[in-house]
Amino acid sequence: MQQPARHASLVALMFVLLASLLAVAPAARAGVRAGIHDGGTAILDFSSDPVSMDPAIAADGYSLTILHVLFVTLLTNKPGTTTVVPWGATEMPTITNGGKRYVVHIHAGIKFSDGEPADAHAFKYSFERILIPATKSPYTGSLAGVVGASDFVAGKAKSVAGIKVLDPLTIQFDLVQPDNNFLYDITYAALSAVPQKAVEAAGAKFATHPTGDGQFILQNWTSGVGMTLVKNLHYFDAATAGHLDKLLLHTNVPTNLAVLQVEKGMADISAGDVNGGDGIPLSLFLTIKNDPRWKSYLYHSTLPETWFFVMAMRDKPLQNVKVRQAIAYAINRQKIVQILNGRGVLASQIMPPSLPGYDPSIPQQEYNPAKARKLLTEAGFPHGFQTSITMFTTPPGPQEATSIQYDLAQVGIQAVLRIVSLAQYSTLAATPGGSPTQINDWLAIEPALFMNWTYNSNEIQAGNNMAEFAVPQVDALLNKAQQLPLAQAVPLWQRAQRLAISQYGYVPLYYGVEYDFVNPRIGGFQIDPNFLYEYQQWYLK
């Protein structure tokens, strides 16, 4: 029976109103449940500047923490966990063709701050931009397994055949072979969408003046002073939107001053540099930890993070495995943990204990200077040799480097310290041949990253395999593991790790324990295993 026109229009109006209510319901429900009130400003004191706000370039933890709220990735980790969940995607990817095809549906309405849509075309552009050699992205290896990637890199194809835009909100990835790390790969900030017009108009300036689509927008950045992030009022998802109106990130603030400012209520967090930097200086840590006044200010968590000593295996005399083994015996790792005031757990291997692939049967590296001297003599260096150690300026980096310098001197190895800025360090660390030895770390939720970025020769050119570690048997195990489901990959990673440890390209030092000094007025704070800080979760109590 046909209804009167007036009745039909009223029904339509009711549906419109209902749809409007549903559209805002997620944020409203979330706020009521958690008692969260939006608005306000949080102030963070950092001891150095981030390196870059270009997702394709940034590889330091400080930059990545900020990029996480400036740009949207297809997938992310659920805050506070290692669980991968949809973000820009409407749901987890559909995986077919024996694990070689991923189809991802993208939320409608995601836009960059200049109004350009963050759709399938934007994601395809961003992924291909990473592969262009001129971009000099350290993330090329993340897409090396996509069909047609090698032809695109070589200039034989104008686009990557394995990245297809099926429609504006659907993107398809075809892999050469199954890859159990691909879901993790597309959580990287590097694999977020970027706006083509803005990138091409800005050129190199995009690294300091990015146009994003995340919960916050970079309003300004003055090197050496700090940056201001403001809430993105046009962010696409009310349920995951930021609560604060503004984040003031002050940089180059000495950590002892930062702690004092938090104590006096002039800042909310003393954050170090979020890349191994220490938000609570060594000289104050035990005093603060043992003072009941600051109990509510302290947060700590053991991270999926491994710090290690890197030796460039192609450099002389480090080419000799006995030399590398001698260095491993010479390093007093327990002393480094003591320097950290216990903010580290001795590491037996690259894989952290909290991730699949950790092998409890692998013993700790022995500290034995006598064995180190014997091995150096057998290798033809009875009087040692000269080398250098690269580390960045933020404490406790210099203290750790000095400790290792002392240890090496006890066995005859004279190491010059190269203490450089975080930006210089990032460049040197990622450049093959950039430094004979260095101290570095991995912090990530994906187990395959720890193994592949450390030991797979495929990652040398990208700058991730800093030791230039290249052992065919290890490559074979890692490449096979990458094609298998996680449970089947674990024993192969463990075999590869035991074999790799015997080559001493890397000496595992410790697993990181993060401590943060936070004003109790900040609600929603937790130490995230991947990003450390989840700014969008914070609110003022």
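Here, the structure is the one placed above.
Let us look at the structure shown here.

Cut-offs applied
- Residues numbered from 1 in each chain as written.
- Predicted model: local features only at pLDDT ≥ 70, side-chain atom pairs only at ≥ 80, totals over all residues.
- Heavy atoms only, no water.
- Phe/Tyr/Trp six-rings, centres within 6.5 Å; stacked < 30°, edge-to-face > 60°.
- Helix = DSSP H or I, 4+ residues; strand = E, 2+ residues; numbered from the N terminus.
- Buried < 20%, exposed > 50% of the residue type's maximum accessible area, 1.4 Å probe, protein only.
- Lys NZ or Arg CZ within 6 Å of the ring centre and 35° of its normal.
- Axes fitted to C-alpha atoms, helices over the stretch in contact; angles between N-to-C directions.
- Parallel < 35°, antiparallel > 145°, perpendicular 65-115°, else oblique.
- Left-handed = near helix turned anticlockwise from the far one by under 90°.
- Contact = heavy atoms within 4.5 Å.
- Nonpolar A, V, L, I, M, F, W, Y, C, P; charged D, E, K, R; others polar.
- Salt bridge = Lys/Arg side-chain N within 4 Å of Asp/Glu carboxyl O.
- Core = buried A, V, L, I, M, F, W, Y, C linked by side-chain atoms within 4.5 Å.
- Pairing = 2+ DSSP bridges.
- Right-handed = clockwise from strand over helix to strand, strands pointing away.

**Side note on the packing of aromatic side chains**
Counted according to the given criterion, the structure contains 29 aromatic pairs. Taking the centre distance of 6.1 Å and the plane angle of 20° together, the rings of tryptophan 307 and tyrosine 510 count as stacked. Taken together, the residues span a long stretch of sequence, with tryptophan 307 in strand 12 (residues 298-311) and tyrosine 510 in strand 17 (residues 506-518) at a distance of 203 residues. Taken individually, tryptophan 307 and tyrosine 510 each receive the classification buried, so the pair is uniform in this respect. Plain terms: the ring middles of phenylalanine 381 and phenylalanine 385 are 5.6 Å apart, the flat faces sit at 65° to each other, and that makes the pair edge-to-face. Feature note: the residues Tyr139, Tyr188, Phe308, Trp442, Trp453, Tyr455, Phe469 and Tyr506 constitute an aromatic cluster, connected by ring pairs. For arginine 343, the ring lying beneath its charged end belongs to phenylalanine 285, and the centroid distance is 3.9 Å.

**What to know about the packing of helix 15 (residues 472-481) against helix 16 (residues 486-501)**
Their axes nearest at 9 Å, the elements helix 15 and helix 16 cross at an angle of 165°. One element, helix 15, and the other, helix 16, form an angle in the roughly antiparallel class. You can see that helix 15 and helix 16 cross each other, and the crossing is left-handed. Taken together, the residues of helix 16 that come into contact with helix 15 (itself represented by Gln473, Val474, Leu477, Leu478, Lys480 and Ala481) are Ala489, Leu492, Trp493, Arg495, Ala496, Leu499 and Ala500. Taken together, the residues of the contact of helix 15 with helix 16 break down into ten nonpolar, one polar and two charged.

**Some thoughts on the side chain of threonine 170**
With respect to the helices, strands and loops of the structure, threonine 170 is situated in strand 7 (residues 170-174). Apart from residues no more than four positions distant in its own chain, threonine 170 is found in contact with Val103, Val104, His105, Ala120, Lys164 and Val165.

**Some points on the pattern of salt bridges**
All chains considered together, the criterion is met by twelve salt bridges. With its nearest N and O atoms 2.5 Å apart, the salt bridge here joins aspartate 54 to arginine 129. Separated by 75 residues along the polypeptide, aspartate 54 in the loop between strand 1 (41-45) and helix 2 (61-70) and arginine 129 in helix 3 (residues 120-131) bring together distant segments of the chain. In this structure, aspartate 54 and arginine 129 share a single accessibility class: buried. A salt bridge links arginine 521 to aspartate 268, with the nearest nitrogen and oxygen atoms 2.6 Å apart. One end of the pair, arginine 521, is in the loop between strand 17 and strand 18 (522-523); the other, aspartate 268, is in the loop between helix 7 (255-263) and strand 11 (269-270), and 253 residues separate them in sequence. Residue arginine 521 is classed as partly exposed on the basis of its relative accessible area of 34%.

**Regarding the nonpolar core**
Counting 106 residues, the largest nonpolar core has Phe309 and Ile327 as its most contacted members. The residues contacting phenylalanine 309, other than those within four sequence positions of it, are Ile327, Ile331, Ile389, Ile404, Thr437, Gln438, Ile439, Gly505, Tyr506, Val507 and Leu509. Within the second largest apolar cluster, 37 residues are counted, among which are Val194, Ala271, Tyr535 and Leu540.

**A few points about the sheet that holds strand 4 (residues 94-96)**
Overall, antiparallel pairing links the four strands, which are arranged 4-5-7-6 in an open sheet. The sheet terminates laterally at strand 4 and strand 6 (163-167), the two strands that pair on one side only. In this sheet, adjacent strand axes meet at a mean angle of 20° when their direction is disregarded. The sheet contact formed by strand 4 and strand 5 (residues 101-105) spans three bridges and is antiparallel. In the sheet register, threonine 94 faces strand 5, and the bridge partner there is valine 103. Lying on the sheet, helix 3 is in contact with strand 6 and strand 7; it crosses strand 6 at an angle near 175°.

**Digging into unusual backbone geometry**
Going from lysine 316 to proline 317, the amide bond is cis rather than trans, its omega being -5°. Tracing the backbone shows proline 317 in the loop between strand 12 and helix 9 (321-330). Located in the positive-phi region is asparagine 252, a residue other than glycine, with phi close to 60°.

**Quick look at the pairing of strand 14 (residues 386-392)**
With six of its seven residues buried, strand 14 lies for the most part within the structure. Summarising the sheet, strand 14 and strand 15 (residues 414-420) pair through seven bridges and their orientation is parallel. Opposite methionine 391, over in strand 15, you have isoleucine 419 as the bridge partner. Running through helix 12 (residues 397-409), the crossover from strand 14 to the neighbouring parallel element strand 15 is right-handed. Both strand 14 and strand 16 (residues 437-443) contribute to a ladder of two bridges, which runs parallel. Pairing of isoleucine 389 across the sheet is with threonine 437, part of strand 16.

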